[in-house]
Structure formats: C-alpha cells, structure tokens
Amino acid sequence: MSVFIKSFYHKFFPARQLLIRQNGEVKHVVLASWFQLLVALLILVTFTWLSISSFRVYTQTNKISDIKQNQITEQTLWQQKVSEQQALQATQLEQLAILEQKQALLQSMIESLPASISKDVIKLDTELDVPINENGNEFHEPLVDENQKGKQAQLIAPITFATRVANLNNQYEQSFTYLDNQISERHQAILAMVKGAGIESALEQHLILSAQTTAQGGPLDIFNETKIPSHFLAIVDKLLILNNLENFLTELPNTLPLAKAKYYISSNFGLRKDPMNSNHAFHKGIDLAGWHKTEIFAPADAVVLRAGRNGGYGNFIELEHKNGLVTRFGHLNKIKVKKGQSITKHDVIGLMGSTGRSTGTHLHYEVLLNGKQVNPLKITKALSRVWSRLAHFNPRL
C-alpha cells in the first residue's frame, strides 16, 4: 500500500523547476513534490468548501421559497375561510332580520286579536340568538381537557344556528296557520249571523264608513314587508277585516233592553190578533212584560232621536245607532233621557209602564233597519250565537 502511494506521489507530483526570465536574467524556482501536493490539497479543499457552501445556499434558498409559498397558500386559505365566515354571518344576520320581522308581526297580531280568539296556544320566542360561528374552532380553539371535552360532547348535543332558525320558522308557521284558521272560522260565523239576522245592508253601510280614512294618523311605524312571507301578510289582511266585523258587532243592538229574568215575551213580532179589537194585525215589534217601573237599558251606543209622548206608543223613546239601525221603546212609565243626548250601551233610558195603547205593564220594543222594522228576536238570537264565543274569553262583555 505504501509502495503504491509513493509511486502515485512521485508520478503526479515530481519535482519541477520554473524558469523565470526578468530583466535579461533567468531564474529558476524548484517546486518540491510536497509543495505541489499541498497546493493541490488546498485547491481541493477550497473547491469542496465552495461546493458545499453553494449547495447549502441553494438548499436554504429553496426552503425559504417553500416557506414563503406555504405562507402564501395558508394566507389564501385563511382569507377564503374569512370570506366564507363573513358570508355565513351575513346570511345569518339576514335570517335573524327575517325572524325579527316575523316575531314583531306575530306579536302585533296577538295584540290586535279580538277577544273571541284564544291567544294561549300561540308561542312567542322573546329572545333571538346572535349569529353563531359554526366553524369557529378552525380559527381559535380553547384549551380544554380532551377527556372532559369528549364527555361533554357525549352528554350535550349542540344545536346549530341553522337548526335554531328552522325550528323558529316552523313555530311561526304553526302560529300563523292557527291564527289563519281561527280568523277564518270567526269571520264565517259573523257573516252567517249577519245573513241569518237579515242585516246585510247594515254591514254594507259599516264597511263604507270604515273605508274612509278621515280623522286618522300617528307616527309611522311599519314592517319591512320584503322580509315577511306574502301568506303571512294575507293573514294580517284577514285579521284587519275580522276586526272591522267585530267592531260592527259592538255597534249592533245585540241584546234585549231588559235584564234577564225580569221579563217574558208577551207578544211576538209579526201577525197577531190585536189585543184591543181582536182584528188581524201586524205587530212591528215585540212586547216584553215585566214588573212596573223595571229599568230599560240601551241595547247599544246611540243618540236620542225622540223622547216624549207619541200617540199609541205612550211615553216613547227612539234611539239612532250606527249603520242605519234605530230602536224604539213604547209605553214607558218614565223617560230618563233627552233628545240629542248621546248614550252608551247599558245606560238606563227609562222605566217600564203601561202608557198609550196598552192592556198592561210591558215594553213595546222595535228595531228598524234603514227605516223598515225587523224582528228584534231574530237579531238578538243570531248575535247571541256569535257573542257566546266572545263571552267565553271575555266574561265582562
């Protein structure tokens, strides 16, 4: 081995002379074998160092480039997630705005319901949750014990915002459907009563008067109808119509003008034999017999048209109600109102007597619609069926 090394050494690094000519003189420099080897080793080491350094610089440059690229990629993904979260939040805010409008509308409808419709089955969610960041754990996750976190996940199933919105929308649909059914049922009952009582013309007059917008106003407080389903708004319109009908009912003489158990019907409306001469005659009202000086009440709000003596009626009162209705009261013992006086329902207007063309103490009671007498019992019986439901929810009426 040592022979080979020596042979290699003397073969490639033999002693050499360098001739240097300068200023006409020639000099020679002897390059020893060991010096040549040293120079060669220095060159080799320098080349190796340069190669390794260049490789390291190249490697570091690639790593830096990869890191920058990864950062750009992560930044792009993060921006994408942020955009998705912003879009999700905007959607949730829009859903919340719609839910708030539905809730406000439902609350307003409940407050506007007539007493004839029960409000107990309608549920209101008084608190609406703020938008939920459903993927929030991708951006920040609290440091919790993993085992504890697993246990809680097993015990409590999270309710997502979408589920919450779906539940609320379903609840609102059920509430509005219930209101729609109740409103339609009540509406049909009132129209059936009006037809049964034969007072369609009174309803027509009421609708004409109610269509007028005089003497109305107030601060503007409207709903954003673009966020409310059209079928909800249609139910609102039905409620407005129903409330108008309910107002119509309150304006009608829906009861007889005497307290219960203080009278009996001694003569009905229509054909009869006259109590004075037994001839066939048409009775334009009903006779309600009772004790002398029994109090007579106004069957509805009215203005006194006439109050005084009136031929066969004896002591007589005539009241003008709304919608073309007029009531008359005859044979009174005493009159307690004056012409032009405004009175309210259940006010005492007189006392029962037997003045005028009468065979005994009673009240002659007439109801006129547009100047024509109608059967008072027909109206009160038809109205009693409609008002019985209202009285169930509001006993004071």
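Scroll up for the structure.
Keep in mind that this is a model prediction, so the values were computed, not measured.

Student: I'd like to hear about unusual backbone geometry, residue by residue, with values.
Tutor: Of note, Ser-278 is a non-glycine position whose phi angle comes to about 65°, a positive value. Mapped onto the fold, Ser-278 is located in the loop between strand 4 (270-273) and strand 5 (280-283). On the accessibility criterion, Ser-278 (48% relative accessible area) is partly exposed. You will see that His-331, though not glycine, has its phi angle at about 70°, which is positive. Within the secondary structure layout, His-331 lies in strand 10 (residues 325-335).

Student: Requested: an account of the packing of helix 4 (residues 161-197) against helix 6 (residues 230-250), with residues and values cited.
Tutor: In contact at an axis separation of 9 Å, helix 4 and helix 6 are set at 35° when each is read in the N-to-C sense. For the element pair helix 4 and helix 6, the recorded crossing hand is left-handed. Residue-level inspection shows Tyr-172, Glu-173, Phe-176, Asp-180, Ile-183, Ser-184, Arg-186, His-187, Ile-190, Leu-191, Met-193 and Val-194 of helix 4 in contact with helix 6, the latter providing His-231, Phe-232, Ile-235, Lys-238, Leu-239, Ile-241, Leu-242, Leu-245, Glu-246, Phe-248 and Leu-249. A per-class count over the contact of helix 4 with helix 6 returns 15 nonpolar, three polar and five charged.

Student: Account for the pattern of salt bridges, naming residues and giving values.
Tutor: Scanning the entire structure with this criterion turns up nine salt bridges. Notably, a salt bridge pairs Lys-227 with Glu-94, separated by 2.9 Å at the nearest N-O pair. Residue Lys-227 is found in the loop between helix 5 (200-210) and helix 6, and its partner Glu-94 is found in helix 2 (residues 33-112); the two are separated by 133 residues along the sequence. For Glu-94, a relative accessible area of 38% corresponds to the partly exposed category. Residue Lys-238 pairs with Asp-180 through a salt bridge whose shortest N-O separation is 3.0 Å. Of the two residues, Lys-238 sits in helix 6 while Asp-180 sits in helix 4, which places them 58 residues apart along the sequence.

The rules behind the values
Residues numbered from 1 in each chain as written. Predicted model: local features only at pLDDT ≥ 70, side-chain atom pairs only at ≥ 80, totals over all residues. Heavy atoms only, no water. Helix = DSSP H or I, 4+ residues; strand = E, 2+ residues; numbered from the N terminus. Buried < 20%, exposed > 50% of the residue type's maximum accessible area, 1.4 Å probe, protein only. Axes fitted to C-alpha atoms, helices over the stretch in contact; angles between N-to-C directions. Left-handed = near helix turned anticlockwise from the far one by under 90°. Contact = heavy atoms within 4.5 Å. Nonpolar A, V, L, I, M, F, W, Y, C, P; charged D, E, K, R; others polar. Salt bridge = Lys/Arg side-chain N within 4 Å of Asp/Glu carboxyl O.

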